[in-house]
Amino acid sequence: MKQLEQQLIKTLREIDNKSYPLYKQLKGSYDMTGFILNIEHVQGDPFASPSMVSVEIPSVKAAFPRDLYDNEEKKVALEDQLLRLFAGELRKYSFKAKGSGKSGFMGAIMPGPEVLKRTGCEISDKGTVLVRFEVGFPANGRRIQSRELEKMLVQFVPEVVSRTLYYDRSKEKQFRKVAELAEDQKFIRCELKKRNLVAFVANGAILPRESGVSSRPMKQAVAFQSPKSLEVTLQLPNKGELKGMGIPQGITMIVGGGFHGKSTLLKALEVGVYNHIAGDGREYVITDDTAVKLRAEDGRSIQKVDISMFINNLPNGKDTTCFSTEDASGSTSQAANVVEAMEAGSSLFLVDEDTSATNFMVRDELMQKVVHRDMEPITPFSLRVRQLYETAQISTILVAGSSGSYFYQADHIIQMKEYQPEDITEMAKSVAQEFATIDEQVSKIALPDFSRARTWLRRIDTRDRVKMKVMGKDSISINKETIDLRYVEQLVETGQLAGLANVVWYIRTHFLSKDMSMTEAVDQIEKFLKTCGFEKICAGRVPGNLTVPRRQEIFACLNRWR
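Quick caveat: nothing in here was measured; it's all calculated off a predicted structure.

Structural notes on the sheet that holds strand β11 (residues 197-202)
Sheet architecture is open: 4 strands sit in the order β14-β15-β11-β18, paired in antiparallel fashion. Each of the sheet's edge strands pairs with one partner strand only, and the pair in question is β14 (231-236) and β18 (285-287). Direction aside, the axes of adjacent strands within the sheet are offset by 30 degrees on average. Looking at chain direction, β11 and strand β15 (residues 240-248) are connected through 5 bridges and run antiparallel. Bridge assignment links Val201 to a residue of β15, and that residue is Met245.

In structure tokens, the structure reads:
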């Protein structure tokens, strides 16, 4: 039952300077005139994780026009924008109230340049706005400082809400631009499929970043300009005409000298699976949203994966149709990564020669002559890439700087020169004909068996309590079991890892007794996330720091659980 603001103030004053656990009396909902304040979880002491709080603005008060959130893309974009505004304003008030430990902290998840579905802000179909954040309830030692908390909840929070979460005609143009950009980005994604493209990079896009640890666009960077042979023209519903480079389905090579922008282009395509905010420079870089970046991953765990299309006839007789190891080599890890990406439903592979296992990628002519095919258990990716496209309809975009083996397989070859692309397909193919090659015969591709039913995780877990920890974008820990995700390169924010931790725990505690395949389990999780967000997965108490992960990253996380 909702209580009035006066009741909150009364309770706060009654418990002032008393023992910290009495703060738990505050749990509940309070009508703050214009919005509802929900105190959902109260921290155990001032040094523990901050308390979970949310504000809920009824649709009649928030008053956002329906056409700003009348489809999923626009709704996610509006939620993203409101969270940016709220988190930025809330940050100004953090630690203005004083006390021990985390006393006075106020914070909400601050989005990066990617527009993602997050629990930090959610808009219902009827227009109600819900924002979740954290508050460090103040104390002096372990004695309640309720006057400080009163200042935070009764003064600071209403000020932040009033400035950021109500529709304001002075900000109408800003909100409208957010919706229009989301609509244009959705249009481009639809056009990719219609035009048989896997990616689009707009003319004028700024691909280089400020630094290796910054996602901001580089100042005075060279703007992208498509070669005429690959240029396509789109008529966007809001922006109008937009030209840029369309990368067709099939096999595309990106070549060029060092430091000329090959990996920069590939990185932009990697994160092009997500929409980006205006001003990022990559807002019109759109990639097939099932794309997966593949790489070697020495030392990773592999459980019951059919890698026989790449590795077979091992000297020790080990079965590669159901391959397991706790310490994979570069080649076996990359082979498993390819097959697992296929299982996750990817229709585009992104590969950089620099982060790949050489013996998995190519076998040059001299090595083929010295080491006979019968003595080599590895069928390199260069001999499978064309078959993957023709048999499984999986395209590949490959960055290569030292090996020309893929020239023979590529449909399109793009050379990066001082951050500008040139289509050199005809020239490169002509030159390649001058070099004799050994025509290695390989068996016809047999698609892997994906019917893993469990067997793919060890056991069901019946513990009621769970301790989850996110270590940046590198790994997650669940009850002291670590899942290493540092080489899952399309994870762009810690919220995705927090979301993955909750997803994996739910699967472990609910699905493992049902003899589900991995695909069936992920299908069910996606259904939950689409219909009710994290409500079911988190058993009702949803924290504000979760980001909905892609299907591909859920598979990647499950596959790396030792």
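A short note on unusual backbone geometry
Phi angles above zero are rare outside glycine, and Ala63 is one such case at about 60 degrees. Assignment of secondary structure puts Ala63 in the loop between α2 (59-62) and α3 (72-91). Although it is not a glycine, Asn479 adopts a positive phi angle of roughly 50 degrees. Its place among the elements puts Asn479 in the loop between β27 (475-478) and β28 (481-484). The class of Asn479 is buried, set by a relative accessible area of 18%.

Structural notes on the sheet that holds strand β16 (residues 251-255)
With respect to topology, 6 strands assemble into an open sheet ordered β19-β22-β23-β16-β24-β25, the strand pairing being mixed. Among the strands making up the open sheet, the edge pair consists of β19 (292-294) and β25 (420-423). Here the average twist between neighbouring strands, direction ignored, is 25 degrees. Across 4 bridges, the pairing between β16 and strand β23 (residues 395-399) is parallel. What sits directly across from Ile254, in β23, is Val399. This element, helix α7 (residues 330-343), spans β19 and β22 (348-352) of the sheet and lies at about 165 degrees to β19.

A short note on the nonpolar core
In terms of nonpolar packing, the biggest core is built from 50 residues, with Tyr23, Val55, Phe64 and Phe137 touching the most fellow members. Contributing elements (two or more residues each) for this core: α1 (5-14), β3 (36-41), β4 (51-57), α3, β7 (121-123), β8 (129-135), α4 (146-164) and α5 (172-194). The biggest single contributor to this core is α4, with 7 residues. When sequence neighbours within four positions are dropped, the list of residues in contact with Val55 reads Phe35, Ile36, Leu37, Val129, Leu130, Val131, Phe133, Val157, Val161 and Leu165. Grouped together as the second largest cluster of nonpolar side chains are 40 residues, Val292, Val305, Ala335 and Phe381 included.

Brief notes about a nonpolar patch on the surface
A surface patch of nonpolar side chains, amounting to about 390 Å² of accessible area, comprises Tyr408, Met427, Val431 and Phe435. Inspection of the secondary structure puts Val431 in helix α11 (residues 425-432).

A word on α4
Side chains three or four residues apart in an α-helix point the same way, a direct result of the helix having 3.6 residues per turn. The end-to-end C-alpha separation of α4 is 26 Å, in line with the 27 Å expected for 19 residues at 1.5 Å each. Listing the buried residues of α4 in full gives Ser146, Glu148, Leu149, Glu150, Met152, Leu153, Phe156, Val157, Val160, Val161 and Thr164.

Examining the environment of Ser19
With respect to the helices and strands, Ser19 occurs in the loop between α1 and β2 (28-31). In this structure Ser19 touches Arg142, Arg143 and Ile144, once residues within four positions along its chain are discounted.

A short note on the pairing of β28
A one-sided burial pattern is seen for β28, the buried positions being Glu481 and Ile483 and the unburied ones Thr482 and Asp484. As paired strands, β27 and β28 are joined by 4 bridges and run antiparallel to one another. Within the sheet, the bridge partner assigned to Ile476 lies in β28 and is Ile483. Joining the antiparallel neighbours β27 and β28 is a turn of 2 residues, in which Asn479 adopts a positive phi near 50 degrees.

Each value, and the rule that gives it
Residues numbered from 1 in each chain as written. Predicted model: local features only at pLDDT ≥ 70, side-chain atom pairs only at ≥ 80, totals over all residues. Heavy atoms only, no water. Pairing = 2+ DSSP bridges. Helix = DSSP H or I, 4+ residues; strand = E, 2+ residues; numbered from the N terminus. Axes fitted to C-alpha atoms, helices over the stretch in contact; angles between N-to-C directions. Buried < 20%, exposed > 50% of the residue type's maximum accessible area, 1.4 Å probe, protein only. Contact = heavy atoms within 4.5 Å. Core = buried A, V, L, I, M, F, W, Y, C linked by side-chain atoms within 4.5 Å. Patch = residues over 30% accessible without salt bridge, like charges linked within 9 Å, V, L, I, M, F, W, Y side chains within 5 Å. Areas by Shrake-Rupley, 256 points an atom, 1.4 Å probe, with all protein chains shown as cover. Salt bridge = Lys/Arg side-chain N within 4 Å of Asp/Glu carboxyl O. Expected span 1.5 Å × (residues − 1).

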